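What the coordinates show
Chain by chain, the residues:
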Amino acid sequence: MNVFKSWCQSRHLENVNIETMAPEELDNILSKFYAEVKKRDGDDYEPECLKIMQSAIERYLKEKNYPLSIVRSREFHNSQEILHAKAISLRQQGKGKRPNKSQPLTSEEESSLWLKGQLGDFNGKVLTNVNFKNLTEQLGFRGRQEHYDAYVEDFVIRQQEDGSEVVEFREGPTKTRSGGLTISRRTTPQAMYSTDGGKTDPVRLFKLWLSKRPDGMKDKGPLPGATVPERYKSSQIK
């Protein structure tokens, strides 16, 4: 809404009350706004930002009891079409491709986290951090919610024929896969394999994480249960 107000000021429309405008007049102003609005540096906004601006104006008008919707009402067909056409044009120019989305850690970045003590096994916090990372990367846990929905009972640790160990996740119903007669399951393998048994071995770290849970919760209960709070040294771990 602030961007719209700034644009109105630049067009000497700051004293106009849009909540009392006739739909035809407001549709005309919105059409010009969508077509002309830019950032202060002259660059175009992302298509998603334009949609957010439209929603902010819609919310403001609703609070002022404006009788029509600038998003759905046919009286605002022209401004809706202009916004839609501009979004298409911006996407064709490469906008809206989410260039700032999170990227996976490089091997150098991960090594740096180990060296700085943000990943490891020397206290409960960093042990939780490294298991959160491993479960996300290797079992495909999506976001924080799937970690909180998991239970210790959902995991099975078994030994393979070559003597190495694997952690298997036997998924129960979730918010996005709610069950019923037909359960939609993941297509990716739900297993985390041991490596060399060293400090970065994901299975070793997972077993250690479970062993540090409070008594009575080592083999059951929500997975994000608390670890033993006091510090312990890696040399004390067996």
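The name given to the protein chain in an unreviewed UniProt entry is ZMYM2-like/QRICH1 C-terminal domain-containing protein, with Porites lobata as the source organism.

Let's talk about the side chain of Asp154
Take Asp154: it is sitting in the loop between helix H7 (143–149) and strand E1 (155–159). When residues no more than four places from it in sequence are discounted, the contact partners of Asp154 are Asp149, Glu168, Phe169 and Arg170.

Some remarks on the packing of aromatic side chains
In the structure shown here, the tally under the stated rule is eight aromatic pairs. Aromatic pair Trp7 and Phe33: ring centres 5.5 Å apart, planes at 70°, arrangement edge-to-face. Here Trp7 is found in helix H1 (residues 2–10), whereas its partner Phe33 is found in helix H2 (residues 23–36), with 26 residues between them in sequence. When its relative accessible area of 7% is taken as the criterion, Trp7 is described as buried. Taken together, Phe4, Trp7, Phe33 and Tyr34 form an aromatic cluster joined through their ring pairs.

Considerations on unusual backbone geometry
You will see that His12, though not glycine, has its phi angle at about 60°, which is positive. Considering the arrangement of structural elements, one finds His12 in the loop between H1 and H2. A relative accessible area of 69% places His12 in the exposed class. Here the phi dihedral of Asn65 falls at roughly 65°; this positive angle occurs in a residue that is not glycine. Positionally, Asn65 belongs in the loop between helix H3 (47–63) and helix H4 (77–92).

Considerations on the environment of Ile157
By secondary structure assignment, the location of Ile157 is in strand E1. On the basis of relative accessibility, which here comes to 35%, the residue Ile157 falls in the partly exposed class. Each C-alpha atom of the pair Ile157 and Phe169 lies 9.0 Å from the other, and the pair is twelve residues apart in sequence. Apart from residues lying up to four places away in sequence, Ile157 is in contact with Glu165, Val166, Val167, Phe206, Lys207 and Leu210.

Observations concerning the packing of H2 against H3
In contact at an axis separation of 12 Å, H2 and H3 are set at 155° when each is read in the N-to-C sense. The pairing of H2 with H3 is recorded here as roughly antiparallel in orientation. By crossing handedness, the relation of H2 to H3 is classed as right-handed. Contacts from Leu26, Leu30, Phe33 and Tyr34 in H2 reach Met53, Gln54, Ile57 and Leu61 in H3.

Cut-offs used in this document
- Residues numbered from 1 in each chain as written.
- Predicted model: local features only at pLDDT ≥ 70, side-chain atom pairs only at ≥ 80, totals over all residues.
- Heavy atoms only, no water.
- Helix = DSSP H or I, 4+ residues; strand = E, 2+ residues; numbered from the N terminus.
- Contact = heavy atoms within 4.5 Å.
- Phe/Tyr/Trp six-rings, centres within 6.5 Å; stacked < 30°, edge-to-face > 60°.
- Buried < 20%, exposed > 50% of the residue type's maximum accessible area, 1.4 Å probe, protein only.
- Axes fitted to C-alpha atoms, helices over the stretch in contact; angles between N-to-C directions.
- Parallel < 35°, antiparallel > 145°, perpendicular 65-115°, else oblique.
- Left-handed = near helix turned anticlockwise from the far one by under 90°.

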